[in-house]
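# Remarks on the overall topology
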Amino acid sequence: AEGVGDPREMEEWWEAGVRIAGPVWAGTRYCGGTREYGPITRDGFQLLEIMAGLGMTLDISHMDNQSALQALDAYSGWVIASHANARAIIKDVRGERHLTDDALRRLIERDGVVGVVPFNPFLRADWRTGDPRSNVPLEMLAAQIDYICQMAGNARHVGLGTDFDGGLGWPEVPEEINTIADMQALAPLLAYRGYAPQDVAAILGGNWRRHLERALP
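Below or above, wherever it landed, is the structure these notes cover. Quick caveat: nothing in here was measured; it's all calculated off a predicted structure. (Residues numbered from 1 in each chain as written. Predicted model: local features only at pLDDT ≥ 70, side-chain atom pairs only at ≥ 80, totals over all residues. Heavy atoms only, no water.)

## Brief notes about the overall build of the protein chain
Selection criterion: Strands here mean DSSP runs of E at least two residues long; helices mean DSSP runs of H or I at least four residues long; both are numbered from the N terminus. Just to be clear, the radius of gyration here is over C-alpha atoms, and the globule rule we use is 2.2 Å times residues to the power 0.38. Burial here depends on accessible area, computed with a 1.4 Å probe over protein chains only, as a share of the maximum for the residue type. Under 20% is buried, over 50% is exposed, and the range in between is partly exposed. We call two residues in contact when some of their heavy atoms are within 4.5 Å. Using a 1.4 Å probe, the Shrake-Rupley method yields the accessible areas, and only the shown protein chains count as cover for residues.
Helix and strand content of the protein chain: eight helices and five strands. Along the chain direction, N to C, the helices and strands of the protein chain fall in the order α-β-α-β-α-β-α-β-α-α-β-α-α. Expected size for 217 residues packed as a compact globule is a radius of gyration near 17 Å; at 17 Å, the protein chain falls within 12% of this value. Summarising its shape, the C-alpha atoms of the protein chain cover approximately 45 × 35 × 30 Å along the three principal directions. Within the span of the protein chain, comprising 217 residues, buried residues form 47% of the whole. Long-range contacts, defined as pairs at least 24 residues apart, comprise 66% of the intrachain contacts of the protein chain with a sequence gap of at least 6. Within the structure as shown, the protein chain displays about 10300 Å² of accessible surface, and the carbon and sulfur contribution to it stands at 50%.

## Focus on helix H3 (residues 65–74)
The cut-off we apply is this: Within this analysis, the arc is defined by the directions that extend from the helix axis to the C-beta atoms.
All buried positions along H3 are accounted for by Asn65, Ser67, Ala68, Ala71 and Leu72. One face of H3 carries all of its buried residues, which in axial projection span an arc of 165°. In this structure, the buried residues of H3 make contact with helix H2 (42–54), strand E2 (57–59), strand E3 (79–80) and helix H4 (101–109).

## Notes on the nonpolar core
Where we set the bar: The criterion is simple. A nonpolar core is a set of buried Ala, Val, Leu, Ile, Met, Phe, Trp, Tyr and Cys residues joined through side-chain atoms within 4.5 Å.
Formed by 54 residues in total, the largest nonpolar core has its most connected members in Ile60 and Ile145. Among the elements that line this core, the one with the most residues is helix H6 (residues 139–152), at five residues. Excluding anything up to four places from it in sequence, Ile60 contacts Ala68, Leu72, Val79, Ile80, Ala81, Leu99 and Leu107.

## Details of the packing of H4 against H6
So the rule is basically this: Each axis is a line fitted through C-alpha atoms, taken for helices only over the stretch in contact, and angles between the N-to-C directions span 0 to 180 degrees. Geometric relationships in this document are graded by angle, where less than 35 degrees denotes roughly parallel, more than 145 denotes roughly antiparallel, 65 to 115 denotes roughly perpendicular, and other angles denote oblique. Handedness of each helix crossing follows the sense of rotation of the near helix against the far helix: counterclockwise by less than a right angle gives left-handed, clockwise gives right-handed. Under this grouping Gly is polar, as are all residues other than the nonpolar Ala, Val, Leu, Ile, Met, Phe, Trp, Tyr, Cys and Pro and the charged Asp, Glu, Lys and Arg.
At a closest axis distance of 10 Å, the pairing of H4 and H6 adopts a crossing angle of 60°. One finds that H4 runs oblique with respect to H6. The chirality of how H4 crosses H6 is right-handed. Seen from H4, the contacting residues are Asp101, Leu104, Arg105 and Ile108; seen from H6, they are Tyr147, Ile148, Met151 and Ala152. Tallied by class, the residues present in the contact of H4 with H6 amount to six nonpolar, no polar and two charged.

## Remarks on the sheet that holds strand E1 (residues 20–21)
Heads up, the condition is: Two strands pair under a simple rule: DSSP has to find at least two bridges between them.
Ordered by their spatial adjacency, three strands build an open sheet running E1-E2-E3, and the pairing between neighbours is parallel. Lying at the two open borders of the sheet, with one neighbouring strand each, are E1 and E3. Pairing geometry for E2 and E3, over two bridges, is parallel. If you follow Asp59 over to E3, its bridge partner there is Ile80.

## Quick word on the pattern of salt bridges
What counts, and what does not: Salt bridge, as used here, is a side-chain nitrogen of Lys or Arg placed within 4 Å of a carboxyl oxygen of Asp or Glu.
The tally for this structure, following the rule as stated, stands at twelve salt bridges. Residues Arg209 and Glu213 are paired through a salt bridge, measuring 2.8 Å at the closest nitrogen-oxygen approach. Of this pair, Arg209 and Glu213 both sit in helix H8 (residues 197–215), four residues apart, roughly one helical turn. Judged by its relative accessible area of 56%, Glu213 is exposed. Members of the salt-bridge network, linked through shared partners, are Asp73, Arg106 and Glu109.

Spelled out as structure tokens, the structure:
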């Protein structure tokens with residue numbers, strides 16, 4: 001919603017077909033984000049109230065921890081994190097881009113879904129563009145999935161949030177994947193960890209479908 005000048009404009013976006021929105025990328029008048037930290041503002045709470053009234057799903061990706069926790073407490077509608085990882089298992093990670101355990105627990109309590117991101121710096125914080133892709137095996141993404149599933153006690157709250165639609169691509173992802181079709185390579189890694197076929201299917205798409213079927217008008 002960084003391009004939304006007034007919270008009331010969300011009604012126009014709803015009429016145009018938007019059904020999922022996040023209030024921030026870097027930092028906005030609405031709340032703190034990846035680069036500019038801070039709580040939800042008065043305008044931000046108005047934005048959330050209007051979104052909830054319309055029936056939109058709130059995406060907490062890119063919200064900083066303070067504003068994400070506020071939103072998880074205040075927002076009455078559906079909540080997801082379309083593309084974010086668990087901060088706790090990214091070694092030496094800094095900043096507010098990823099979800100704390102507190103935010104993950106609250107999202108799980110709200111029956112939300114987290115889309116894990118196969119971006120190498122989001123799996124290993126010291127990886128830099130030009131480093132060998134083999135330094136970040138796909139198993140590290142499987143570990144992100146498992147961490148969230150273990151916290152939830154089931155496989156209902158994690159999916160894929162690749163950001164392949166414009167955020168990143170094959171030079172900066174684990175070497176086992178070059179296109180979205182290669183995400184199937186996660187299946188044997190999850191099976192090796194003991195996930196049943198129905199749980200693997202849920203993670204690879206079923207959980208997002210479940211969310212959309214209940215949240216879309």
